[in-house]
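Observations on the three-dimensional arrangement
Listed below, chain by chain, are the residues.
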Amino acid sequence: MNKKTYNLIYYDNPILKIKCKRIEKLSGEDVEFANILINLMLKYDGIGLAANQIGDNRCIIAIGGVDPLKSPAIFINPTIIRFLEPIVTFEEGCLSFPKLYLSIDRPEGIIVEYYDINFKKQTLEAHQLLARVLQHEIDHINGIRFIDRIPETKLENITSVLESINRRYNG
Ligand SMILES: [Zn+2]
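Parameters and conventions
Residues numbered from 1 in each chain as written. Predicted model: local features only at pLDDT ≥ 70, side-chain atom pairs only at ≥ 80, totals over all residues. Pairing = 2+ DSSP bridges. Helix = DSSP H or I, 4+ residues; strand = E, 2+ residues; numbered from the N terminus. Axes fitted to C-alpha atoms, helices over the stretch in contact; angles between N-to-C directions. Contact = placed C-beta atoms within 7 Å.

1. Let's talk about the pairing of strand S3 (residues 73-92)
Examined bridge by bridge, strand S2 (residues 60-63) and S3 share four bridges and lie antiparallel to one another. What sits directly across from Ile-63, in S3, is Ala-73. Inspection of the sheet shows S3 paired to strand S4 (residues 102-115) by twelve bridges, in the antiparallel sense. Counterpart to Val-88 in the pairing with S4 is Arg-106.

Here's what the structure looks like:
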């Protein structure tokens, strides 16, 4: 058996712009992959990581032990079914964009439906940091990067930073 190795994917790899595939039936290999996702997230000190950020197209995200979660958790096929006001601004980072921090406007809370690691359907109401991380990661599996959430004029200001990430990590 040759084990596939996974590495972080950086801007502007096309897999960060794909819509990931929903999981219809959870396999043992999917569970193994979910554990790899969590371990890589922890290794890189992240609080969230999406499958396509390590080059895979499954609808799976890992979230760190963000309050009120007690430990890292896996969200399979996560879907936001409701956004909860107000809209708040918060500075975000992303493991696919090293050292880039951007203020992003997002709803303060969300209600999300997902399947847990036992493929049991769950509904979660999340607020504050947890809602923020979930929205960022759910964006990823829908092919949306946080730079897609800032105005064009702001994007122009970070062109050189983006180019340097590309040179350094994708060179
Ligand atoms: Zn990210």
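What follows picks up the thread again.
2. Details of the environment of Asn-39
Residue position: Asn-39 is located in helix H1 (residues 28-43). Along the sequence, Asn-39 and Phe-90 sit 51 residues apart, while their C-alpha atoms lie 26 Å from each other.

3. Structural notes on the sheet that holds S2
The strand order across the open sheet formed by five strands is S1-S2-S3-S4-S5, and the pairing between neighbours is antiparallel. Every other strand in the sheet has two partners, leaving strand S1 (48-50) and strand S5 (121-127) as the edge strands with one partner each. The mean inter-strand angle of the sheet, taken between neighbouring strand axes irrespective of direction, is 30°. The strands touched by H1 within the sheet are S1, S2 and S3, with S2 carrying the most contacts at an inclination of about 40°. Its contacts with the sheet put helix H2 (residues 128-141) on S1, S2, S3, S4 and S5, and the angle it makes with S4 is roughly 85°.

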